[in-house]
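Report on the structure
Take a look at the letters that make up each chain.
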Amino acid sequence: MTDKTVKDTPSGKQDKKFDLRHIFEGSYSTLLPLLAIFTGLVIGAIVIAATDATVIAAWQNFFQAPGAALAATWTSIAVAYGALFGGSLGSPAEIFAGIQTYFSTGDSAAFMKAIYPITESLVTATPYIFAGLAVAVGFRCGLFNIGAEGQFFMGALGSVFVGYSFSSLPAIIHLPLALLGGIAAGALWGAVPGYLKAKFGAHEVVNTIMMNWIGFRLSDWLLNGPMKSPGFRPVTRNIAEAAELPHFFPDPLRLNWGFILALLVAWLIYWLLFKTTIGFEIRTVGANPDAAKYAGVNIVRNFVLAMVISGGLAGLSGASQVLGVDHWVGQGFSAGYGFDAIAIALLGKSHPLGVVLSALLFGVLRGGATRMQSLAGIPVDIISIIQGLVIVFVAAPDIIRWLYRIRPAEKHALQSRG
Amino acid sequence: MPVLELRGITKSFPGVLANQDINLTLEKGEIHALLGENGAGKTTLMNILYGLYRPNEGEILINDQKVDIEGPSDAIARGIGMVHQHFMLVPVMTVTENVMLGNETTRNGVFLDREKVSKRIREISDQYGLEVDPEAYIKDLPVGIQQRVEIIKVLYRQADILIFDEPTAVLTPQEVEGLIKIIRSLIASGKSLIFITHKLKEVLEVADRITVLRLGRVVGSAIPGQVDERKLAEMMVGREVNLVVDKQIAQPKEAVLEVKDLFVRDERDNPAINGLSFTVHSGEVMGVAGVQGNGQTELVYALTGLLRSASGSILLSGKDIHKSTPRQIIEQGVAHVPEDRQKHGLVLSFPLLDNMVLCTYYQPPFAKGVNMQEKIIIQNGVELVKQFDVRTPSVFVAASTLSGGNQQKVIVAREFSRPIKLLIASQPTRGLDVGSIEYIHGRIIEKRDEGTAVLVVSSELDEIIALSDRIAVMYRGRIVDILPAGATKEHLGLLMAGVKPEDIPESAKKKSAGPVEKVF
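Residues numbered from 1 in each chain as written. Chains lettered and ligands numbered in written order. Predicted model: local features only at pLDDT ≥ 70, side-chain atom pairs only at ≥ 80, totals over all residues.

1. Quick notes on the overall build of chain A
Along chain A, the regular secondary structure elements total 18 helices and zero strands. Since a compact globule built from 418 residues should have a radius of gyration of about 22 Å, the 24 Å found for chain A is in line with a globular shape. Overall, chain A is about 70 × 70 × 45 Å in size when its C-alpha atoms are taken along their principal axes. Sequence separation of at least 24 residues holds for 77% of the intrachain contacts in chain A that already meet a minimum separation of 6. (Helix = DSSP H or I, 4+ residues; strand = E, 2+ residues; numbered from the N terminus. Rg over C-alpha atoms; globule rule 2.2 N^0.38 Å. Contact = placed C-beta atoms within 7 Å.)

2. Re helix 9 (residues 296-304) of chain B
Residue and element names in this part refer to chain B. Along helix 9, nine of the nine residues are buried, which leaves the element largely enclosed by surrounding structure. By the burial criterion, the buried members of helix 9 are Gln-296, Thr-297, Glu-298, Leu-299, Val-300, Tyr-301, Ala-302, Leu-303 and Thr-304. Residue Gly-305 follows helix 9 closely and has a positive phi angle near 85 degrees. (Buried ≥ 20, exposed ≤ 12 C-beta atoms within 10 Å, placed from the backbone.)

3. As for the sheet that holds strand 13 (residues 255-265) of chain B
As a general point, the strands of a sheet are linked pairwise by backbone hydrogen bonds and lie either parallel or antiparallel. Residues and elements named next belong to chain B. Spatially, the four strands line up as an open sheet ordered 14-13-16-17, and their pairing is antiparallel. Strands at the two margins of the open sheet, each flanked by one partner only, are strand 14 (271-281) and strand 17 (319-320). Where strand 13 and strand 16 (residues 309-316) come together, six bridges link them in antiparallel fashion. Its bridge partner lying in strand 16, Val-259 is registered against Ile-314. (Pairing = 2+ DSSP bridges.)

4. With respect to the domain arrangement of chain B
All names here are of chain B. Per the domain assignment, the segments making up chain B are domain 1 (4-237), domain 2 (242-333 + 420-520) and domain 3 (341-418). A separation of 26 Å is found between the C-alpha centroids of domain 2 and domain 3. Every contact between the two is made by ten residues of domain 2 and, on the other side, nine residues of domain 3. The element best represented in the side of domain 2 that touches domain 3 is helix 15 (residues 434-449), accounting for five residues. (Domains from an automatic or database assignment.)

5. Looking at the pairing of strand 13 of chain B
Side-chain positions along a regular strand alternate between the two faces of the sheet. All names here are of chain B. Direction of pairing for strand 13 relative to strand 14: antiparallel, over a ladder of eight bridges. Considered in strand 14, the bridge of Leu-257 is made with Val-280. Counting the residues in the hairpin turn of strand 13 and strand 14 gives five residues, including Asp-269, whose phi is positive at 70 degrees.

6. Observations concerning unusual backbone geometry
Of the consecutive residues A:Asp251 and A:Pro252, the connecting peptide bond is found in the cis state with omega at 5 degrees. Relative to the helices and strands, A:Pro252 resides in the loop between helix 10 (204-224) and helix 11 (257-275). The omega torsion of the bond from B:Pro364 to B:Pro365 falls at 5 degrees, within 30 degrees of zero and hence cis. Backbone geometry places B:Asn63, a non-glycine residue, at a positive phi of 50 degrees. B:Asn63 gets classed as partly exposed once you count the C-beta atoms within 10 Å, which come to 15.

Structure, rendered in structure tokens:
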């Protein structure tokens, strides 16, 4: 029958108020994030060209030499993005040549050098994956966990504490223990706002922000007091070797098992959210708390549970950075992973696979930024601009629809039962 | 000369032809009813007229001028006004502020001129009998008055063609009468009206002309007086419709639900139920009648664990459940068709198959430990869709894409398909079309005959009379009387209005000749 897919969308009330779920569901296709990234890069290119002194000079003589102005613009952008992606992905030709050298001479140095950029991007992506998953789990339960940054910090401190406190444990015990230390500390930091929300209805956004500040100041105190290593600097001691996440390659390559662990955890979260009753409850509470209550789901328990899982993942993010890369913690340790994680979760539509892909993108952008600065003289801040633009476009997909003349889904018309 | 004419309007959505070659004219001073089931294309057509959709083909003429309506503000500028089914009002603002919203009258360019607007509102009120206090806050007004504000909004913008989208769906019988009076005074002053509905009785009472839509096409038109409800229902549904619920005399057995001295406070902590006792037996339908807001909602919430009762007892097969959680109550065999299907009944963003297991997802066979058994859940969804005749392209589409009637069928399928001993159905057919009502009523009686105890709460007296074996009338949080199935409408109506049982005149209790006809 033709009236099977009915025309009116009786989603009534839910369309009228702003709601988190609008960001990941409904008419929002996978095409839009890709276009958002593309548009962000295009606008980033314009900013790069417009702030380049050579380009500006060339444009001042536009009427005398229009070709030169365009060429200068093109060169500026090409050099910048060439450095950005060369610095984050490396050159395929060099990698190939490195492999050849290895097989013909047994010397792996060239290969290592060639893959260094891409491994660094993956190293940067690792904590992003964990932290992105943390925020995504919160979103799925209808919770906005702004506190991933604080939980990241606490996770780093928890794991570094376990890491340096024991000296003779075998790796098979010490490493998992240190990871658990990070998870537990992060989970605790997430549980507090979860409990406050469940018990007293206190809004999690406010509470997680407050928990961030408590975490930052607590870590300042710990790093200057109980956890301070001998010496002047406010840093901890190095962790025991048995607690390190093993590296795949010799130094200076830092790619480690943390990356594999991140992919495994992403799969685990996918399974949890979409294949288990636990995830079904979390998603039901997030999508419609009234229906969840009607169906007998314990909303309060799910709020706490989601915040504990979220905090644990953010803590694991901190732990992976400590145990896999830094091996110690100092003041100002995080590079804003917890805050970028919000952007990653949004871009990834709170789906574990989307989160992994967005985290990889962020890793590539961050990884190449330094090289872009040194080679092309473009400040790393341009990356923040591109990231910011991508998030704006993801959060406001109508801009992208308008830009690319994508026909909007005729969904937001009047609601009725006619 | 018609004030409005639609010629050959066709509108298709991916995979669906929502409107096909529709022709419609509206004469000046006419009430033209647009009748059709859910999903027949009434709303799509009106959204085209209001500029929200663009037709693929066809043209719109206003006063014989071909027009291209580009959006709601364009429609308003051309004198088309829409009174929405779901009110578009800001609760924390006053009537005046709501009316001027989007079209603010100012003094010196920046200061809101509330006086001028409220004076104009008073003029409109007087002219059309739309009594309303311009200074009142929307949140303090009952639904019927809120609707008047919507009408005033449209009139304030000087609309001549008014579209009423399901205007009676949210009103009590008394409010419906008030609305009909208002509509008459609008017509008397030269306005023209399109009245969208699926309620046959109203159409026959109000309309000058009726156009019936089915599956996106005009299947016929009629003039009241030349057709009856049965004929209209047939046109709407496309087959003969049984307007009377077919049922045998109930065979009540043991008591399933016993409520004693129940007191309940509502969500704002005001007393909502003040000492209420009744019993529902296996194999009978107990109807709860009453004007909305007399504690019916809270009664259902208390019985299903959504609201804690303050005192008293609720015995389910002899076991007290008044302190149990919703899950414990569900597990003891209570099914609940909730009053608000989009708020409580469904997770709109979830696919149908997940909504079909909303209350049982954690039980075998749907889950083994924490592992959800996807295959079985899909199979369950497919079977229920077939068994309960849910019109959907697949079980994987989100519940939000279905029409109201089909959404309700999803809930009914879920609640009726597990072993239950008590069924609580609150407004089970609110906003549904004839075909769906017939279907759901049939299923409820089927459950009764299987030996389930059934409690039906409805603000539609016709529905209560059609289904119930006994009727409890609620007034101000109490049951004022429980009447047998044959009670007259007049008798029930007086009780609902707060008349004491001992003061009911004998004449009101007498049944008029003929069987109780179920009307919509």
